[in-house]
Amino acid sequence: MGQDQTKQQIEKGLQLYQSNQTEKALQVWMKVLEKSSDLMGRFRVLGCLVTAHSEMGRYKEMLKFAVVQIDTARELEDADFLLESYLNLARSNEKLCEFHKTISYCKTCLGLPGTRAGAQLGGQVSLSMGNAFLGLSVFQKALESFEKALRYAHNNDDAMLECRVCCSLGSFYAQVKESMKIALQHGDRPLQALCLLCFADIHRSRGDLETAFPRYDSAMSIMTEIGNRLGQVQALLGVAKCWVARKVLDKALDAIERAQNLAEEVGNKLSQLKLHCLSESIYRSKGLQRELRAHVVRFHECVEETELYCGLCGESIGEKNSRLQALPCSHIFHLRCLQNNGTRSCPNCRRSSMKPGFV
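Fair warning: this is a prediction, and the values are worked out from it, not measured in the lab.

In this structure the tally under the stated criterion is 14 salt bridges. Of the charged contacts, one joins glutamate 265 and arginine 229 as a salt bridge, the two residues approaching to 3.2 Å between their closest N and O atoms. Of this pair, glutamate 265 sits in helix H13 (residues 249-266) while arginine 229 sits in helix H12 (residues 229-245); the two residues are 36 residues apart in sequence, bridging distant segments of the chain. For glutamate 265, a relative accessible area of 51% corresponds to the exposed category. For aspartate 250, the salt bridge goes to lysine 286, with nearest N and O atoms at 3.3 Å. Of this pair, aspartate 250 sits in helix H13 while lysine 286 sits in helix H14 (residues 269-286); the two residues are 36 residues apart in sequence, bridging distant segments of the chain. The exposed category is assigned to aspartate 250, whose relative accessible area is 51%. Judged by relative accessible area, which is 33%, lysine 286 ranks as partly exposed. Salt bridges here are not isolated pairs; linked through shared partners, they connect Glu147, Asp201 and Arg204.

It is worth spelling out helix H10 (residues 189-205) at this point. Its 17 residues give H10 an end-to-end C-alpha distance of 24 Å, which sits within 8% of 24 Å, the value for a rise of 1.5 Å per residue. Taken across its 17 residues, H10 has 13 buried, putting it largely inside the fold. Sitting at the amino-terminal end of H10 is aspartate 188, which places a side-chain oxygen 3.1 Å from the backbone nitrogen of leucine 191. At the exit of H10 stands glycine 207, carrying a positive phi of roughly 85 degrees.

To continue, consider the layout of surface pockets. Approximately 470 Å³ is the volume found for the second largest pocket. Taken together, 20 residues line the second largest pocket, and the ones lying closest to its centre are Ser54, Arg91, Lys95, Gln124 and Arg164. Among the secondary structure elements, those contributing two or more residues to the lining of the second largest pocket are helix H3 (39-56), helix H5 (79-95), helix H7 (118-135) and helix H9 (159-185). In terms of residue count, H5 provides more of the lining of the second largest pocket than any other element does, six residues in total. Looking at the lining of the second largest pocket, its residues break down into six nonpolar, eight polar and six charged.

Sites flagged by UniProt as "coiled-coil region" (unreviewed entry) map to residues 249-276. The span residues 249-276 shows a helical share of 93% and a strand share of 0%, and its end C-alpha atoms are spaced 14 Å apart.

Our next topic: the environment of serine 285. Mapped onto the secondary structure, serine 285 falls in helix H14. Accessibility expressed as a relative area gives 53% for serine 285, which makes it exposed. Taking the C-alpha atoms as reference points, serine 285 and leucine 249, 36 residues apart in sequence, are found 9.3 Å from one another. From its side chain, serine 285 meets the backbone oxygen of isoleucine 282 in a polar contact 2.6 Å long.

Looking now at the UniProt feature "repeat: TPR" (unreviewed entry) in the chain. Taking the numbering used here, the UniProt-annotated feature "repeat: TPR" (unreviewed entry) corresponds to residues 123-156. As annotated, residues 123-156 comprises 88% helix and 0% strand, and the C-alpha atoms at either end are separated by 9 Å.

Further remarks concern unusual backbone geometry. In terms of backbone geometry, most residues other than glycine have negative phi values and most peptide bonds are trans. With a phi close to 65 degrees, cysteine 97 is a non-glycine residue in the positive phi region. By secondary structure assignment, the location of cysteine 97 is in the loop between H5 and helix H6 (99-111).

Quick look at a positive patch on the surface now. A surface patch of like charges, here positive, comprises Lys148, Arg151, Lys241 and Lys274. Checked against the element boundaries, lysine 241 lands in helix H12. Here lysine 241 falls in the partly exposed class, since its relative accessible area comes to 31%.

Looking now at the nonpolar core. Grouped together as the largest cluster of nonpolar side chains are 91 residues, with contacts concentrated most on Trp29, Phe146, Val165 and Phe172. Excluding its chain neighbours within four sequence positions, the residues that come into contact with valine 165 are Leu127, Phe146, Ala149 and Leu150. Formed by five residues, the second largest nonpolar core is a distinct cluster that contains Cys310, Cys337, Leu338 and Cys346.

Turning our attention to the side chain of serine 168. Looking at where serine 168 falls in the secondary structure, it is placed in helix H9. Owing to a relative accessible area of 10%, serine 168 belongs among the buried residues under this scheme. Sequence-distant contacts of serine 168, defined by excluding residues within four places in its chain, comprise Leu127, Asn131, Leu134 and Phe146.

Remark: helix H8 (residues 139-155) packs on H10, axes separated minimally by 10 Å, with the N-to-C direction vectors making an angle of 5 degrees. As summarised for this structure, H8 and H10 are arranged roughly parallel, according to the angle between their axes. Counted together, Phe139, Gln140, Leu143, Glu147 and Leu150 of H8 and Cys198, Asp201, Ile202, Arg204 and Ser205 of H10 form the full contact between these two elements. The residue inventory of the contact of H8 with H10, partitioned by class, reads five nonpolar, two polar and three charged.

Analysis parameters
- Residues numbered from 1 in each chain as written.
- Predicted model: local features only at pLDDT ≥ 70, side-chain atom pairs only at ≥ 80, totals over all residues.
- Heavy atoms only, no water.
- Salt bridge = Lys/Arg side-chain N within 4 Å of Asp/Glu carboxyl O.
- Helix = DSSP H or I, 4+ residues; strand = E, 2+ residues; numbered from the N terminus.
- Buried < 20%, exposed > 50% of the residue type's maximum accessible area, 1.4 Å probe, protein only.
- Expected span 1.5 Å × (residues − 1).
- Polar contact = N/O pair within 3.5 Å; in protein donor to acceptor, adjacent residues only side chain to side chain.
- 1 Å grid on protein atoms, 1.4 Å probe; cavity = no way out; pocket = protein on both sides within 12 Å on 5 of 7 lines; lining within 4 Å.
- Points joined across faces, edges and corners; volume = space filled by probe spheres on them.
- Nonpolar A, V, L, I, M, F, W, Y, C, P; charged D, E, K, R; others polar.
- UniProt positions renumbered as here; feature names shortened; annotations may be inferred.
- Patch = residues over 30% accessible without salt bridge, like charges linked within 9 Å, V, L, I, M, F, W, Y side chains within 5 Å.
- Areas by Shrake-Rupley, 256 points an atom, 1.4 Å probe, with all protein chains shown as cover.
- Lys, Arg positive; Asp, Glu negative; His and termini not counted.
- Charge placed at Lys NZ, Arg CZ, Asp CG, Glu CD.
- Core = buried A, V, L, I, M, F, W, Y, C linked by side-chain atoms within 4.5 Å.
- Contact = heavy atoms within 4.5 Å.
- Axes fitted to C-alpha atoms, helices over the stretch in contact; angles between N-to-C directions.
- Parallel < 35°, antiparallel > 145°, perpendicular 65-115°, else oblique.

This is the structure we're talking about:
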């Protein structure tokens, strides 16, 4: 089957599928898969089969076609196709509740360099990762992923993605609400504070700042009562982000200063790094170069102090989407740097911590 005929048959299958003749559409696409030698056509028809089986709830079949699509993308040697196929593989595992695998494949998507489709599919990758973290009850990471997906949706005017994220946030809200009920029944104040923080973050991500502010205040009150200074930092960081969203930058800076003092008291470098990063964006928007430079310098000092950089190439970790690898000795490097290093010992501490065939 040639390229033109392949294209015609794919379109025929789409017309059947759109007219709810699903089984006939699947038959047409399967014939294309059996007879066509056109790699581009095969890749496209595999995408159709993945989507159709997903919508039909046949998730094992969905996974099977996603695996074949990966092999086809590798034959095409195109990063965009590879990104799309890894996303389909992540979604398949998400549907099958293989959440650790979903997160791993999503990270692979984010680590693919220079993909044109990244701007379009990045939001969907973040959404799938958020759903996987939610399935594992890792609420904070789930919310962070959903917020990234929402930013992609807003930046690209993607109403469908925004709708899907809001549905996931609804599920997230329901789970946190159930946790809050349990916390109230058992008088668990730390858990109550954590749930309030989650509620506040959800409302902030939805743009509902009127509801977010009092939730942050309630969380802050309990965190102060139980002496959780790191929790107070998280609440103040959320308040600062709310003020930034309202473009009331002076109040945002006041909240950041209070949070920064608490973070320095407890010596939490990661919180300090986040606060300097937010301060940097505020001073950049205000055009205050001296203050901006001070926070840029402090941000990089925090990166060095927390060793958030690759010990081989020296680049900061997290500024670009790159695959990372933590060794058993706890030192972290870019995976590509380890693979090119050609040694079996950790480049930082020289411990022989890598197993044979590790890289």
